[in-house]
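As a plain string of letters, each chain reads:
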Amino acid sequence: MNACRKFRKRIALSRADESNDATLVGHLTECAACRAYAAEISALCDAHKTRAAALPEIDAPARLRQKVASAINEASSTPWLYASLRKALAGAAAAALALLIFTFWNKQQQAPTPVEPASSVLTDNTTEIKPSYAAYRNAFSADELEMALDRYSSAGADDEIYRVGTAFLNSQ
Amino acid sequence: MFSLNPALNAIKLEDSTDLLSRVQQGDAEAFCDLCRVYDGRLLRQAMALCQDASLAEDLAQETLIAAWKSIRRYNGRCRFFTWLCSIMLHRYRKLLRRKRPAALTKETEDSLLNVADAAASPATLNEMKEQAAFLQKCLDNLPHKQRQIVYLRFYVENSLEEIALAVGCSVGTVKSRLFKALENLRKMRALKTLNVE
């Protein structure tokens, strides 16, 4: 069956092109399915050819010739310069549009990446100041850091932040 | 200017080479003379596509005007009539997009009756008309590129090499499109047979 698939295109083209493909003959004598396919394609091609042959001979009416002639004369009366100008204008418009698009794109490329606000980086838990120096070390904004330092400087000896902060400073 | 000189009726296709070279230099009168050589055949082909006399006339007119506008692009590698037909197919494609051609009109029926055998029975004539309408419907349902190849092969009777030159692709591509088109047409035909049964 796979072999037949390979033959199908050749069968169809040989019928449509009315060419003789000698290698097909051998296959067609052996394969009934391909013979049926060939007959089907032949009938299809013949139907279109018969229809084409049966088309009536038509004399173009005078009005068609008159219409074409007047349209052509009208087009011919248009100076070539005008046609060239129209082409040039179309080209200029296209170039302007391309420039506009490029400028917009370039502007988009050069615009600084918007900085994400620190508050959005911090989770709800971290925005709340905890009495732990370790937590303050993770502060992402300058305000939070400042608050942490203020608290450390004013913390008493028994304050957790003082103990943690001192231990940290000693370890440095 | 348009010439109504009856002597031009005697223009043979072989003479059109000289006309063509004049046309390509911008000679409008020569183009009108060239139109007289091809407009009948072109209208006949348009009739095959549109199946409507007035639509066919409009299509032929649009084709000839478009041909005049782009005559400088004709490179002489394919027959002039083939080139005209490929323009017509592009125009027809636009027509199909705008609206589907009307069903067979009375005028078309008459023209089909004229070509039929006078001795044929009404039943045979009906069958012929139905067959023609069905074939055209199948063609209309094909993708444009496939329709173009089938039309140029069976209706304009071009060889595959000529079609390749007219369409601007390789013979291999033409073969591939023709095969796909025939497969599609075969399936449509099979579907119709199933519906009838």
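Residue positions are given per chain, counted from 1 along the sequence in the order it is written. Chain labels run from A onward and ligand labels from 1 onward, assigned in the order the entries are written. With pLDDT at 70 or above as the cut-off, local features in this predicted model cover only qualifying residues; side-chain atom pairs require 80 or more to be listed or tallied, and sums for whole chains, interfaces and linings still use all residues. Calculation of side-chain values draws on the structure's entire complement of heavy atoms; hydrogens and water are dropped beforehand.

Chemist: Can you explain the overall build of chain A? Please cite residues and give values.
Modeler: Helix numbers and strand numbers start at the N terminus; a helix is a DSSP run of H or I with at least 4 residues, a strand a run of E with at least 2. When helices and strands are counted, chain A shows 10 helices and zero strands. For chain A, the N- to C-terminal ordering of α and β elements is α-α-α-α-α-α-α-α-α-α. In this scheme, a residue with accessible area under 20% of its type's maximum is buried, one over 50% is exposed, and one in between is partly exposed, where area comes from a 1.4 Å probe on protein chains only. Here chain A, with 172 residues, has 24% of them falling under the buried criterion. Contacts between residues were defined by any pair of non-hydrogen atoms, one from each residue, lying within 4.5 Å. In chain A, 33% of the contacts between residues at least 6 apart in sequence involve partners at least 24 apart. Here the Shrake-Rupley method, with its probe set to 1.4 Å, supplies the accessible areas, and only the displayed protein chains count as covering residues. Approximately 12100 Å² of chain A is accessible, and the part contributed by carbon and sulfur atoms is 58%.

Chemist: Explain the interface of chain B and chain A residue by residue, including any values.
Modeler: Contacts between the two partners involve 43 residues from chain B, matched on the other side by 39 residues from chain A. Buried area is a sum: the accessible area each of two parts loses on coming together, probed at 1.4 Å, counted once for each and added. Carbon and sulfur atoms supply 67% of the area buried between chain B and chain A, which totals about 4000 Å² over both sides. Looking only at chain B, the three residues that lose the most surface to chain A are B:Arg44, B:Phe154 and B:Arg186, adding up to 17% of its buried area. Salt-bridge detection follows one rule: a side-chain nitrogen of Lys or Arg within 4 Å of a carboxyl oxygen of Asp or Glu. The interface formed by chain B and chain A contains three salt bridges. A salt bridge links A:Arg63 to B:Glu57, with the nearest nitrogen and oxygen atoms 2.7 Å apart. Definition of a polar contact: a pair of N or O atoms within 3.5 Å, with one able to donate and the other able to accept a hydrogen when the atoms are protein atoms, and with sequence-neighbouring residues admitted only if both atoms are side-chain atoms. Joining chain B to chain A, the criterion identifies 11 residue pairs in polar contact (both at pLDDT 80 or more).

Chemist: A description of helix 2 (residues 22-30) of chain A should follow, citing residues and the corresponding values.
Modeler: Residue and element names in this part refer to chain A. Listing the buried residues of helix 2 in full gives Leu24, His27 and Leu28. Down the axis of helix 2, the buried side of the element spans an arc of 100°, and every buried residue falls inside it. Turned more than 90 degrees off the buried face of helix 2, the exposed positions are Ala22, Val25, Thr29 and Glu30. As used here, the arc is the angular range of directions from the helix axis to the C-beta atoms.

Chemist: With reference to specific residues and values, describe the packing of aromatic side chains.
Modeler: Residue and element names in this part refer to chain B. Two rings from Phe, Tyr or Trp (for Trp, the six-membered ring) form a pair when their centres are within 6.5 Å of each other. A pair whose planes differ by under 30 degrees is stacked, one over 60 is edge-to-face, and the rest are tilted. Taken as a whole, this structure holds eight aromatic pairs over all chains when the rule is applied. Residues Tyr38 and Phe80 carry aromatic rings whose centres are separated by 5.2 Å and whose planes lie at 55° to one another, so their mutual orientation is tilted. Here Tyr38 is found in helix 2 (residues 28-50), whereas its partner Phe80 is found in helix 4 (residues 80-98), with 42 residues between them in sequence. Note on Tyr38: relative accessible area 6%, which makes it buried. Among the residues examined, Phe80 registers a relative accessible area of 4% and is labelled buried.

Chemist: Which residues make up the nonpolar core, and what values go with them?
Modeler: Residues enter a nonpolar core if they are buried and are Ala, Val, Leu, Ile, Met, Phe, Trp, Tyr or Cys, with the set joined through side-chain atoms within 4.5 Å. Of all hydrophobic cores here, the largest spans 83 residues; its most connected members are B:Phe31, B:Phe80, B:Tyr151 and B:Leu182. Ranked by residue count, the leading element in this core is helix 2 of chain B, at 14 residues. With residues up to four places along the chain from it excluded, the contact list for B:Leu182 reads A:Ala12, A:Ala16, A:Ile41, A:Leu44, A:Cys45 and B:Phe154.

Chemist: How would you summarise unusual backbone geometry if you had to cite specific residues and measurements?
Modeler: All names here are of chain B. The phi angle at Glu157 is positive, at roughly 60°, despite the residue not being glycine. Within the element layout of this structure, Glu157 appears in the loop between helix 7 (144-155) and helix 8 (160-167). When its relative accessible area of 57% is taken as the criterion, Glu157 is described as exposed.

Chemist: An account of the pattern of salt bridges is needed here, citing residue identities and associated values.
Modeler: Side chains that carry opposite charge are capable of pairing whenever their charged atoms lie near each other. Overall, the coordinates contain eight salt bridges over all chains when judged by the stated rule. When the shortest N-O distance is used, the salt bridge between A:Arg65 and B:Asp39 registers 2.5 Å. Here the residue A:Arg65 occupies a position in helix 4 (residues 62-77), and B:Asp39 occupies one in helix 2, the pair thus bridging two chains. Using a relative accessible area of 18% as the deciding quantity, one classes A:Arg65 as buried.

Chemist: Explain the confidence of the model for chain A to me, using residue names and the numbers behind them.
Modeler: When pLDDT is low, close inspection of the predicted coordinates is not appropriate. All names here are of chain A. One confidence number per residue, pLDDT, is output by the predictor and ranges from 0 to 100. The predicted model of chain A has a mean per-residue pLDDT of 77, with 74% of residues at 70 or higher. Per-element confidence in chain A is highest for helix 3 (residues 32-53), whose mean pLDDT is 90, and lowest for helix 7 (residues 124-127), whose mean pLDDT is 50. When the criterion is pLDDT under 50, residues 126-130 qualifies, and its contacts beyond four places in sequence or with other chains add up to nine contacts.

Chemist: Kindly report on a nonpolar patch on the surface, identifying the contributing residues and their values.
Modeler: Residue and element names in this part refer to chain A. On the surface, a cluster of nonpolar side chains totalling about 320 Å² of accessible area is made up of Leu97, Leu100 and Ile101. Inspection of the secondary structure puts Leu100 in helix 5 (residues 80-110). Assessed through its relative accessible area of 58%, Leu100 is described here as exposed. Like-charged residues within 9 Å of one another, or nonpolar side chains (Val, Leu, Ile, Met, Phe, Trp, Tyr) within 5 Å, are grouped into patches, provided each residue has over 30% relative accessible area and no salt bridge.

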